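These are the residues of each chain, in order.
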Amino acid sequence: MDYEQLHAYLKQYKQEHLLSFWHQLNDEQRASLYEDLQSIDFDSVTRIFEQCMNPEFGGNSCAIDDHLLEPLTDDIHEGVTKTTAEQLKSYKQLGLKAISEGRVAALLLAGGMGTRLGVSYPKGMYNVGLPSGKTLFQLQGERIRKLQNLASTAHNNHSPIVWYVMTSEQTKEQTDEFLSQHNYFGLHEKDVVIFEQNTIPCFTNDGKIILEQPYRVSRSPDGNGGLYVALKMCGILDDMKKRGINYVHVYSVDNILVKVADPAFIGYCIAKQAEAGAKVVEKTIPNEAVGVICKVKGKYEVVEYSEISNEIACRRNADGKLAFNAGSICNHFFTVDYLQQIWDKPLKYHVAKKKIPFIDESGKLVKPDSPNGVKLEKFVFDVFQFTNKFVVWQVLREEEFSPLKNAEGAAKDTPTTARNDLISLHRRYIANAGGILGDSDLKRKCDITVNGNILYTNDVKPSSFVCEISPLLSYDGEGLQEYVRGKTFQSPIHLLSDEEKSSGITNGVKVAFNGCEKSNNTNGHHNNLLTSCDN
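Residues numbered from 1 in each chain as written. Predicted model: local features only at pLDDT ≥ 70, side-chain atom pairs only at ≥ 80, totals over all residues. Heavy atoms only, no water.

Looking at an unreviewed UniProt entry, one finds the protein chain named UDP-N-acetylglucosamine diphosphorylase and attributed to Leptotrombidium deliense. The Sequence similarities (unreviewed entry) field of the UniProt record for the protein chain holds the comment "Belongs to the UDPGP type 1 family." (UniProt positions renumbered as here; feature names shortened; annotations may be inferred.)

Undergrad: What should I look at first to understand the sheet that holds strand β16 (residues 350-354) in this one?
TA: By way of backbone hydrogen bonds, the strands of a sheet pair with one another, either parallel or antiparallel. Within the open sheet, the 3 strands sit side by side as β7-β19-β16. Their pairing is antiparallel. The sheet terminates laterally at β7 (203-204) and β16, the two strands that pair on one side only. By the bridge criterion, 2 bridges tie β7 to strand β19 (residues 373-377) in an arrangement that is antiparallel. Bridging across to β19, Phe-203 finds its partner in Val-374. Packing against the sheet, helix α3 (residues 42-53) makes contact with β7, β16 and β19, and its axis sits at approximately 100° to β19. (Pairing = 2+ DSSP bridges. Helix = DSSP H or I, 4+ residues; strand = E, 2+ residues; numbered from the N terminus. Contact = heavy atoms within 4.5 Å. Axes fitted to C-alpha atoms, helices over the stretch in contact; angles between N-to-C directions.)

Undergrad: Which parts of the structure should I look at to understand the pairing of strand β13 (residues 292-296)?
TA: Burial analysis of β13 places 4 of its 5 residues in the buried class, the great majority of the element. As paired elements, strand β1 (residues 69-70) and β13 share 2 bridges and run antiparallel to each other. Looking across to β13, one finds that Glu-70 is bridged to Lys-295. Pairing geometry for β13 and strand β14 (residues 299-303), over 5 bridges, is antiparallel. Its bridge partner lying in β14, Lys-295 is registered against Tyr-300. The turn linking β13 back onto β14 is made up of 2 residues, and Lys-297 within it adopts a positive phi angle of 55°. (Buried < 20%, exposed > 50% of the residue type's maximum accessible area, 1.4 Å probe, protein only.)

Undergrad: Even after reading the chapter, I still don't get the confidence of the model for the protein chain, so can you show me in this structure?
TA: Segments scoring low in pLDDT should not have their predicted coordinates read at a detailed level. For the protein chain, per-residue confidence averages 88 on the pLDDT scale, and residues scoring 70 or more make up 88% of the total. Considering only residues more than four positions removed or in separate chains, one finds that residues 440-462, a stretch of pLDDT under 50, has 49 contacts. Taken as a whole, residues 507-535 scores under 50 in pLDDT and shows 78 contacts with residues more than four places along the chain or in a different chain. (pLDDT = per-residue confidence, 0-100.)

Undergrad: I'm lost on the pattern of salt bridges in this one. Help?
TA: Pairs can form between side chains of opposite charge whenever their charged atoms are close. Across all of its chains, the model carries 23 salt bridges by this definition. Here Arg-47 ties to Asp-43 by a salt bridge, and the two come within 2.9 Å at their closest N and O atoms. Taken as a pair, Arg-47 and Asp-43 lie in helix α3 at a separation of 4 residues, close to a single helical turn. According to the relative accessible area criterion, Asp-43 is partly exposed, its value standing at 39%. The partner of Lys-134 in a salt bridge is Glu-142, and the shortest N-O contact between them spans 2.6 Å. A relative accessible area of 1% means that Lys-134 is categorised as buried. Each of Lys-92, Lys-259, Asp-262, Lys-279, Glu-400 and Asp-476 takes part in salt bridges that share partners, so that together they form one network. (Salt bridge = Lys/Arg side-chain N within 4 Å of Asp/Glu carboxyl O.)

Undergrad: Before we go on, may I ask you to explain the side chain of Arg-145 in this structure?
TA: Looking at the secondary structure, you find Arg-145 in helix α5 (residues 136-155). The class of Arg-145 is buried, set by a relative accessible area of 18%. Among the polar contacts made by the side chain of Arg-145, one reaches the side chain of Glu-499 at a distance of 2.7 Å. Excluding its chain neighbours within four sequence positions, the residues that come into contact with Arg-145 are Phe-185, Gly-186, Leu-187, Leu-472 and Glu-499. (Polar contact = N/O pair within 3.5 Å; in protein donor to acceptor, adjacent residues only side chain to side chain.)

Undergrad: Sorry, what's going on with unusual backbone geometry here?
TA: With an omega of -5°, the peptide bond between Ser-491 and Pro-492 qualifies as cis. Positionally, Pro-492 belongs in the loop between β25 (488-489) and β26 (493-495). The phi dihedral of Asn-156 is positive, around 55°, even though this residue is not glycine. Relative to the helices and strands, Asn-156 is located in the loop between α5 and β4 (162-167). Unlike most non-glycine residues, Ala-261 shows phi in positive territory, near 55°. In this structure, Ala-261 sits in the loop between β11 (247-252) and α9 (263-271). Classification of Ala-261 as buried rests on a relative accessible area of 0%.

Here it is, written out as structure tokens:
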């Protein structure tokens, strides 16, 4: 560990400040810092930073010329509002068949901490305040269990949906411990595979690598686009091949409404022989801050809203809808063969300006109140450009997309908005199954129908009727008629599976409201219904 030699090497890259505290460190700390620095390819990371920050290299969200952009065409852009009921059923059955044969896996992107939520643990562990107290991890794990059973019943063959969970250096240990403590929410341990993505140093705005301790460099995950290298380096692609998995549903942890391994989406992609696919929601407001899937120079990409001119953002079709309206929601399909082909494709890095704790000149840790540095991230959707067969599946935002990103008090994407969106969806499930929501202040404003079926109901007071349905009872509203048809319910209600009701426990706590339990269901199904008592 020759100091002079190390200092001279770092000086080549203008990073000699990383040795500012060298003479104050003990031998163990020096060894730790030396090992940390040895693991960094300074030539590569400093070049990446310069390219990301330099508009001449296409960095930092440069605007794209209008003539290079093309909207999606109908031949690759279908969805729940764009197809017949018969075709939708056909896609779903095709997806269920693939699931029953063990050819489908779910892959969760869970590398982010809940910093913006104001917590110091992984987002998947967050409890949004549902009556059950279930976390995002639990909701998703139980959806997988229910879907396995649906596929088994439909095709008389039971196979697991392997749940791959990509964590980061910051989230792996807590995620592993949390899932283990909760017995993987009923999934078999061998079918829950946790792996870790790579990290990259954090930079100041002028290109200096940040120290988070006098003897340790500040690092961040390399973005959800780090998935592909991690799949190869961690042996996940080999594991998928050994298990006979052909198709993978990739999704983000923070969407409380996500349909994990959605059989309709899987079936659609299989039917179209797609290598890759993406779920989208319709963008209806030109300036909505969401990426749009379109063609750029003949290749499919997700273009950030900041890269699109106002003219393109506002352009409309003859039917009045936005021409560029395929809003990306980080919900994707890939074949394993395609992942094998593209894992080492070079992906560009994107700039994320963040509040990054750092060590000041005196060696004191500072936690800034505003963004002070840069994290470099690859995006999961940047591999779409390499596909020869790509498709898009459009879904209803109210049914499938409500991200949890911000702490309470923010304008959107908070625990309250996520909770209310799930409660609203479950109310619609009950209403569509023939149940009657009995609160006097709950009135139907209008019903949205597709193929003759009510998909959702707009309520005058969206938070007035508390309703939760366990994923173990219903994956997406199916099978509820026998429990709710023709019956009137008072808020709050919580529909449970037989398994949960027999144990009386959900997420380690007794399921009850206001300390009471009762049922107003008179059709012999009280084992699946709890409501509150008036105190």
